[in-house]
Each structure stands twice: as C-alpha cells, then as structure tokens.
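# Analysis of the macromolecular model
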Amino acid sequence: MRERIYLCLAHMSGKEQDFIKEAFDTNWVVPMGPNVNGFEKDLEEFVNGREDNAPLAKSVVGLSAGTAAVHLALLACGVGQGDEVLVQSFTFCASSHPITYLGATPVFIDSEKDSWNMEPELLEEAIKDRIAKTGKKPKAIIPVALYGMPYQIDRIMEIADRYEIPVIEDAAEGLGSRYNGRVLGTFGKYGVLSFNGNKMITTSGGGALICETEADKQEILFYATQARESYPYYQHEHIGFNYRMSNICAGIGRGQMTVIDEHIAHHKHVQALYCELLKEVKGITVHGNPGREYDSNFWLCTATLDPDLKVKGEENAYRQVITGAVGGAAGVTHAAKTAITDCQPNANVEALRVALDAANVEARPLWKPMHKQPVYRNAPAYTNGVSEGLFKVGICLPAGPYVSDEDVCYICDVIKQNTSDNS
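For every chain, the first residue of the written sequence is number 1, and numbering continues from 1 along that sequence. A pLDDT threshold of at least 70 governs which residues receive local features in this predicted model, and a stricter bar of 80 or more applies before side-chain atom pairs are shown or counted, although totals over entire chains, interfaces and linings include all residues. Calculation of side-chain values draws on the structure's entire complement of heavy atoms; hydrogens and water are dropped beforehand.

### Focus: the nonpolar core
In this text, buried Ala, Val, Leu, Ile, Met, Phe, Trp, Tyr and Cys residues form a nonpolar core when linked through side-chain atoms within 4.5 Å. Exposure is judged per residue with a 1.4 Å probe applied to protein chains only, and the accessible area is read against the type maximum: over 50% gives exposed, under 20% gives buried, and values in between give partly exposed. Of all hydrophobic cores here, the largest spans 59 residues; its most connected members are Leu-123, Ile-141 and Phe-195. Secondary structure elements are defined from DSSP: runs of H or I of at least 4 residues count as helices, runs of E of at least 2 residues count as strands, and each element is numbered from the N terminus. Breaking this core down by element, the ones donating at least two residues are α2 (34-47), β5 (105-109), α5 (120-134), α6 (153-163), β11 (207-211), α8 (247-256), α9 (260-278) and α11 (386-393). The contact definition used throughout considers only heavy atoms, calling two residues in contact when any of these lie within 4.5 Å. Ignoring anything within four residues of it in the chain, the contact list for Leu-123 reads Leu-86, Ile-109, Met-118, Ile-141, Ile-156 and Ile-159. Counting 33 residues, the second largest nonpolar core, distinct from the first, contains Ala-73, Leu-74, Ala-140 and Ile-142.

### With respect to the pairing of β11
Of all 5 residues in β11, 5 are buried; the element is thus mostly enclosed. Judged by which residues are buried, β11 turns out to be covered on both faces: Gly-207, Leu-209 and Cys-211 on one side and Ala-208 and Ile-210 on the other are all buried. As judged from the 5 bridges shared by strand β10 (residues 190-194) and β11, these two strands associate in the antiparallel manner. Looking at β11, one finds that Val-192 is bridged to Leu-209. Should DSSP find at least two bridges between two strands, the strands are taken to pair.

### Side note on the packing of helix α10 (residues 347-358) against helix α12 (residues 405-417)
In the contact formed by α10 and α12, the axes pass within 10 Å of each other and the chain directions differ by 130°. Put simply, α10 runs oblique to α12. As α10 packs across α12, the resulting crossing turns out to be right-handed. Between α10 and α12, the residues in contact are Leu-352, Ala-355 and Leu-356 and Ile-411, Val-414 and Ile-415, respectively. To define axes, lines are fitted to C-alpha atoms, for helices over the stretch in contact only, and angles between the resulting N-to-C directions are given on a 0 to 180 degree scale. Here the word oblique covers every angle except those under 35 degrees (roughly parallel), over 145 (roughly antiparallel) and from 65 to 115 (roughly perpendicular). With the far helix as reference, a near helix turned anticlockwise by less than a right angle produces a left-handed crossing, and one turned clockwise produces a right-handed crossing.

### Topic: the environment of Pro-143
Its location among the elements puts Pro-143 in the loop between β6 (140-142) and α6. Measuring from C-alpha to C-alpha, the distance between Pro-143 and Gln-88 comes to 5.5 Å, with 55 residues separating the pair along the chain. Not counting chain neighbours up to four residues away, the residues in contact with Pro-143 comprise Gln-88, Met-118, Tyr-151, Ile-156, Val-167, Ile-168, Glu-169 and Asp-170.

Printed below as a string of structure tokens:
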C-alpha cells in the first residue's frame with residue numbers, strides 16, 4: 001500500500017536540532033531567548049527587500065500563533081467593543097475569529113475571480129455603506145493571501161489610505177509570496193505570518209507579526225507578554241496575553257529559515273507540474289498567477305472542476321455522515337449532525353476527494369466562505385457570488401516539500417482514472 005501523501009508538511013533541514021539543543025544546554029526553555037531574537041532577525045532580513053532601491057525597515061515579533069498575530073494587530077489598531085472590521089470572506093476562520101474576541105463585528109467582503117482574494121470595488125462599496133449605516137468608519141481592513149496567492153494590494157492600499165483605515169495583511173499562507181516584487185505583509189500597517197506544521201516553514205506551531213516600526217513592535221511585545229509594567233513586582237494597567245513564541249519553537253524556525261527559498265521553489269515547481277500533467281484533462285483547471293505582478297508561493301495547489309465533469313462515485317457523495325477525524329493531523333472530533341449543509345462542494349468534487357483519499361492522497365475542498373458559516377449568519381456581508389461559486393467547484397491538492405514528482409504523477413493518474421472522459 002502506498003504511503004499517504006499529505007497536503008503540506010514542512011521539511012526539516014537538519015539545522016533545527018542544533019538550535020533546539022542549544023536552547024536546552026543554556027536552559028532557555030521559555031517564551032523568550034536567543035532563538036526568538038535570532039528568528040525575528042532572520043525574518044526581518046527576509047521581508048525587508050528593496051522597492052525602487054529604497055530599503056524597508058519592517059520589524060518582526062515572534063508569537064505563539066498566526067491567530068495571536070491577527071488578534072494583537074487588531075488590538076493595536078484600536079479595535080474594540082461595537083467596532084467593525086472589513087475582512088475577506090474566502091479564508092480560514094483565524095482571519096475573522098479574533099475580531100469577535102474583541103467584541104467587534106466582522107464585515108465580510110467577497111472575492112474577485114482572478115486571484116480569488118478581496119474584491120477592491122466591493123471593499124470600497126462596503127466602506128461607504130458602513131459609514132452611511134453606522135455613522136463611523138470600519139477600524140481595519142484584512143485582505144488574505146488565499147493559498148499563497150497575492151491580493152490586489154496596490155488597489156486595496158489606495159482605498160484604505162483614502163479613507164484612513166489601517167490594513168492588516170493576513171499573509172499566513174503567503175510567506176514568500178510577492179506582489180510587484182515586494183514581499184506580502186510589508187505593505188500594510190501590520191502583516192501576519194503563520195508557522196503552523198503545514199505552512200511554508202514551521203516552528204511546529206507559531207506565528208509572527210510584521211510591524212511598520214520598532215515602536216510598533218514594542219507595543220505588540222507589551223501586549224504579548226501579559227502587559228506587565230516596569231516595576232519589580234507584577235503591575236498591570238492593561239489586559240495582556242500570553243502570546244510570545246517559545247525559544248524551542250523559534251529554534252526550529254531558525255533551522256527552517258535555512259531552507260525557506262528551497263521550499264518556495266519546490267511549491268512553485270509542483271504547481272507547474274500539476275499544470276503540465278492536467279492540461280489535457282477536460283473539465284479541470286489548475287489555478288495560477290493571474291498576471292505578471294502576482295508571484296504566489298503556491299502554498300497549496302488548487303484546481304476547479306467543471307460542474308459537468310463526471311467523477312466515478314459521485315452518485316454516492318454525501319450519503320453518510322463523517323464519523324472519524326478529518327482535517328489533517330489535529331483532526332476534527334465534533335461529530336456533524338447531518339451529511340449535507342446549505343452550502344457545500346459539488347458532488348463531483350466530493351467524489352474526487354473520496355477517490356484520492358482511497359488512494360492514500362489527502363485532498364480537501366477550498367475554504368468555505370465565512371459569510372456562509374452558521375456562526376456568522378448575522379454578520380454583514382458584501383457578496384458577488386465568486387467565493388461561493390469557487391467553493392462549490394474547487395479542490396486543494398498536495399504541494400509540500402515531501403511531495404515528489406513521482407507523487408504528483410501518481411495523484412494526476414488517480415484523477416484521470418476517476419474522471420469519465422479519461423477512464
């Protein structure tokens with residue numbers, strides 16, 4: 001039986017153990033220390049590229065998760081009870097949940113069809129409408145680099161600057177992706193990164209926040225370390241959080257930074273291979289960069305299935321409630337009540353997922369739009385049908401550093417064997 005092929009698992013370089021051993025040898029087994037400082041410096045060197053020969057001066061703070069980075073960025077932007085934040089709907093829940101942590105309301109913005117990310121025209125429409133309806137501006141804008149694909153950040157920033165609303169770039173999936181040659185996460189007031197176990201590089205768990213200035217970084221550090229004041233005892237004048245990255249996790253990250261360019265190149269190679277091997281399969285389209293200004297890291301490779309494409313077994317799709325763990329290594333243990341919902345992928349997408357799973361290949365649907373999630377049923381949403389349409393026809397295919405050319409050939413063979421036009 002073939003070993004299981006996972007969507008994306010970061011590859012260890014061999015350097016990680018050296019940094020971890022150093023942390024134990026020096027007894028820095030805490031949420032601070034030399035590895036944290038070193039990892040932050042490595043990240044700063046990576047993101048601070050040059051644009052028109054002018055050096056950027058972004059600072060980076062290591063945190064316990066990308067979700068924590070979103071939360072602290074919102075806090076630093078002054079988001080609080082009763083406020084509204086404009087956020088991309090086509091995303092993972094970590095982009096929107098922290099808004100609710102602060103007692104604010106997410107206002108969801110649908111996608112444009114080329115990049116699948118935030119539609120700038122809908123964004124401006126929402127800003128005008130929220131001002132008209134509430135009498136005040138939204139407190140922040142959160143575009144998301146879906147599966148690593150850049151958003152139209154030039155247009156988003158032009159709109160945000162005109163209305164004087166800070167932008168928090170959720171580049172959790174987009175580490176190393178670029179727009180017009182510039183690293184995502186460096187355009188807005190803050191940029192969010194994630195180092196979860198399935199990301200471009202990993203610290204096993206963890207994240208980071210790219211800040212405009214060193215002063216911004218120090219403010220984030222203050223709130224990330226329980227907001228302790230400078231007294232010889234514990235004095236708290238603000239509510240803080242235990243969000244600092246550990247020295248052990250940062251040691252893994254320092255090792256991972258030695259292979260980040262290799263990882264990005266590999267993901268791009270895998271995406272190009274999918275394009276080549278599936279180009280003759282009628283009804284399947286692999287998503288790619290929509291223009292020269294886009295440079296995706298292709299964290300995950302995604303494809304869309306024509307609704308008319310026939311996949312073996314689709315007549316059995318959604319017949320049974322899933323009872324086992326799903327969703328990767330962490331698993332999902334909360335049993336579903338029904339096999340279907342009012343918004344789900346088409347039967348041929350589910351049938352292909354099941355066929356790949358039977359062949360020991362992990363595949364998943366695209367993110368379900370947040371404005372279609374029951375928990376956000378009452379949240380304002382500005383939609384155009386793009387994200388719902390993509391969710392119905394899209395699928396994610398393995399792309400991680402452990403995915404070999406042979407694996408991609410095998411996956412494409414399984415796909416071809418299970419589509420009627422190619423069987």
